[in-house]
Amino acid sequence: MAFTIGTLLNGLRLRQRLSQLGRLDADPEPSDPAADADDFVVLCLPGVAVDPTTRAAAVRYAEQEGLDVVDLIPADLAADDALDLARAVDTTAYRSAPLIPGRGGRHAVVVRRAVADRMGAQAPADRAAFVTLTERLKQHAARSTDLAVAAGLTAEAPSRGERIAELKAMYNAAYPVALGLPAARSSFLLAGLGLSPGWGLAALGAYLAQPYLATGGSPLRPPMSPLGGARRVTEPLVLAGQAMAGARARSGAGSGPPAEDPVEARRAAYTAELALGLDRFYEPRRNDCPWCASTALLPLLRTSDLVQFKPGQFVIEECMTCGLLFQNPRLSLAGLDFYYRDMYDGLGGAEVEFLFAQAEPSYRGRVELARRHGSPRNWLDVGSGYGHFCVVARGLLPDTRFDGLDMGEGIEEAERRGWIDTAYRGMFPDLIEELKGRYDVVSMHHYLEHTRDPRAEIEAARTVLEPGGLLLVEVPDPDSRPARIFGKYWVAWLQPQHQQFLSVTHLTAAMEVSGFAVVEVERGAAHQPMDLAGAAWQWATALAGAPRVPWREPPTTGQRLRRAAVLTALAPVALAGLAADRILQPVVKARGEGWSNTYRVLARRL
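Residue numbering note: each chain is counted from 1, following its sequence as written. For a predicted model such as this one, the threshold for reporting local features is a pLDDT of at least 70, and the threshold for listing and counting side-chain atom pairs is 80 or more; totals across whole chains, interfaces and linings nevertheless cover every residue. Side-chain descriptors were evaluated using all non-hydrogen atoms of the structure, hydrogens and water having been removed beforehand.

Caption draft 1: Region of the structure containing the environment of Asp421. In DSSP terms, a helix is any run of H or I states spanning at least four residues, a strand is any run of E spanning at least two, and both are numbered starting from the N terminus. Tracing the backbone shows Asp421 in the loop between α16 (410-417) and β11 (422-425). Only protein chains enter the accessibility calculation, which uses a 1.4 Å probe; a residue is then buried when its area is under 20% of its type maximum, exposed when over 50%, and partly exposed in between. According to the relative accessible area criterion, Asp421 is partly exposed, its value standing at 29%. Measuring from C-alpha to C-alpha, the distance between Asp421 and Gly66 comes to 22 Å, with 355 residues separating the pair along the chain. The criterion used for residue contact is that any of the two residues' heavy atoms lie within 4.5 Å. Once residues within four sequence positions are removed from consideration, Asp421 is found in contact with Arg394, Arg401, Phe402, Asp403 and Glu415. One polar contact links Asp421 to Arg394, side chain to side chain, over a distance of 3.1 Å. N or O atoms closer than or at 3.5 Å make up a polar contact, with two conditions inside protein: a donor-capable atom paired with an acceptor-capable one, and, for residues adjacent in sequence, both atoms drawn from side chains.

Written out as structure tokens, the structure reads:
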């Protein structure tokens with residue numbers, strides 16, 4: 001019964017989204033083709049053609065709506081593709097929310113030439129490449145991208161191989177779940193017919209009726225038939241089987257995976273590096289606290305890498321005198337290079353970008369805190385990554401200049417996207433002479449815990465701030481009770497990237513010594529709803545085993561099957577944790593100290 005009701009209610013939710021899709025004029029006003037060609041380019045899937053009338057209508061729609069990118073959706077898009085589109089895209093917020101991932105029909109896009117040239121956009125070779133193109137277009141036109149239904153565009157059905165490749169491109173590490181959950185749903189529907197024919201038929205009927213319910217009243221008219229409905233039930237099972245069969249065939253091939261495989265392309269380098277041993281990745285264990293020099297140290301936590309599954313063991317110790325929590329032994333420079341590689345860019349870039357995009361409410365909270373105590377004009381975000389905070393903040397502060405600084409290549413990508421005005425790549429203390437006195441706000445969001453000397457970073461911030469300027473710092477709260485409750489599965493430990501964990505006492509004292517006056521501390525308001533979901537997901541992935549990564553032996557077919565089965569079975573636990581995190585967030589915000597996983601401090605340079 002629950003499945004039947006949930007399916008129907010979800011169909012109504014998807015209907016509301018699809019009904020908000022824009023649509024091109026059926027008979028657009030004449031336009032000058034030469035002028036259109038100068039301003040816009042059309043990028044299509046191989047085999048798909050956009051006729052001149054549709055192209056003119058798309059350009060007209062872009063100009064009228066102030067858009068740089070229009071993703072064209074065929075009106076006859078297949079039912080499952082239409083439902084997937086509705087699940088992926090909140091059509092009421094897609095255009096205005098800069099961090100919503102780019103999703104579309106994967107057939108054709110009309111792009112303003114200036115945007116296409118800036119990002120070096122090219123026509124995609126296949127549907128998987130179109131997934132990547134759509135994501136990048138949304139990033140480079142974060143507030144000027146939208147979808148529109150084109151009646152003159154004919155849908156092309158993907159092969160099963162193409163569909164599998166699409167899922168891999170869209171879901172990355174969560175690909176086994178994206179493949180496994182639909183297969184589990186189909187198994188449930190088929191099993192229900194035998195176990196409880198009455199409710200089984202009701203559930204099956206609701207599932208088959210969902211496309212009609214979702215697309216009714218929308219500009220989409222997918223072809224539907226009883227045979228197509230039957231295929232909707234069986235296709236996920238066939239798809240999962242083909243994906244596994246394909247994986248077995250690749251693992252048994254004597255020639256190995258194709259050279260373009262990003263995992264295999266990195267394997268030789270990682271193998272050679274690991275052959276030299278892990279000892280060089282650690283500094284000697286220190287016998288005293290790096291903050292107060294006390295020798296009263298006790299181990300608090302021992303863990304492995306629960307995110308990348310790179311080899312090694314990491315220990316967090318607690319100073320019994322001042323309370324500092326720090327990694328001991330900490331990573332050497334060689335270790336930092338090894339464990340950061342493919343974490344925030346490269347193989348891990350897509351997952352990290354997805355996680356950063358979920359924190360928009362937190363980004364807004366940071367801006368509101370600064371705005372209560374000043375009127376930012378020139379803002380430097382240190383540890384900016386891809387600039388997710390800055391692109392949200394500039395929507396709230398349109399007259400403020402946002403520059404970003406980071407060590408990784410993501411900061412240069414942030415400038416190319418237009419998410420920041422100027423990118424500075426390097427270590428913050430090394431760049432202070434160039435930046436001296438140029439900013440009235442400096443922010444460090446989840447940055448200090450990564451650094452080797454937080455006090456030097458705070459001193460650097462004082463140098464680049466003008467007198468009276470604001471320093472805003474946000475870090476994980478080591479006094480959070482969930483840190484002790486969840487142990488090594490508390491996601492904010494993030495070993496081995498996080499080097500130390502400053503309490504509010506540590507941070508405010510360091511700021512005051514450096515010539516700042518603390519003006520406000522936020523605890524509950526800074527909380528990020530991720531404790532339960534994060535712990536559940538890390539527990540599930542630890543049980544499931546490592547994915548296929550270049551720093552581990554390739555998994556066997558049995559290991560791949562086990563990982564997919566475990567993640568599929570435990571995904572509902574993580575989703576329940578996510579829901580619980582959201583439900584509990586107001587309670588945590590109200591209680592604040594002791595329960596919030598994050599805190600913020602705003603200080604003024606004297």
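Caption draft 2: How the structure looks around unusual backbone geometry. With an omega of 5°, the peptide bond between Asn328 and Pro329 qualifies as cis. Its place among the elements puts Pro329 in the loop between β8 (325-327) and α12 (333-340). Cis geometry is adopted by the peptide bond preceding Pro496, which originates at Gln495 and carries an omega value of 10°. By secondary structure assignment, the location of Pro496 is in the loop between α19 (481-485) and β14 (500-501). Positioned with a positive phi, His446 is a non-glycine residue whose angle comes to about 50°. Within the secondary structure, His446 sits in the loop between β12 (439-445) and α18 (454-464).

Caption draft 3: Focus on the sheet that holds strand β4 (residues 108-112). Here, strands pair whenever DSSP counts at least two bridges between them. Across the sheet, 5 strands lie side by side as β1-β5-β3-β4-β2; this open sheet has mixed pairing. At either margin of the open sheet sits one strand with a lone partner, and together these are β1 (22-23) and β2 (40-44). Direction of pairing for strand β3 (residues 69-74) relative to β4: antiparallel, over a ladder of 4 bridges. Within β4, the position partnered with Val69 by the bridge is Val111. Working convention: axes come from line fits to C-alpha atoms, limited for helices to the stretch in contact. Angles between N-to-C directions cover 0 to 180 degrees. Running over the sheet, helix α6 (residues 127-140) touches β2, β3, β4 and β5 (145-150) and is turned about 30° from β4.

Caption draft 4: Structural context of the pairing of strand β9 (residues 378-382). Of all 5 residues in β9, 4 are buried; the element is thus mostly enclosed. Pairing between β9 and strand β10 (residues 401-406): 5 bridges, direction parallel. Note that in β10 the partner of Trp379 across the bridge is Phe402. In this fold, the crossover linking β9 to β10 by way of helix α15 (residues 388-396) has right-handed handedness. As judged from the 4 bridges shared by β9 and β12, these two strands associate in the parallel manner. By the bridge assignment, Val382 is partnered in β12 with Met444. The handedness of a crossover follows from its direction of travel: if, with the strands pointing away from the viewer, the path from the first strand over the helix to the second runs clockwise, the crossover is right-handed.

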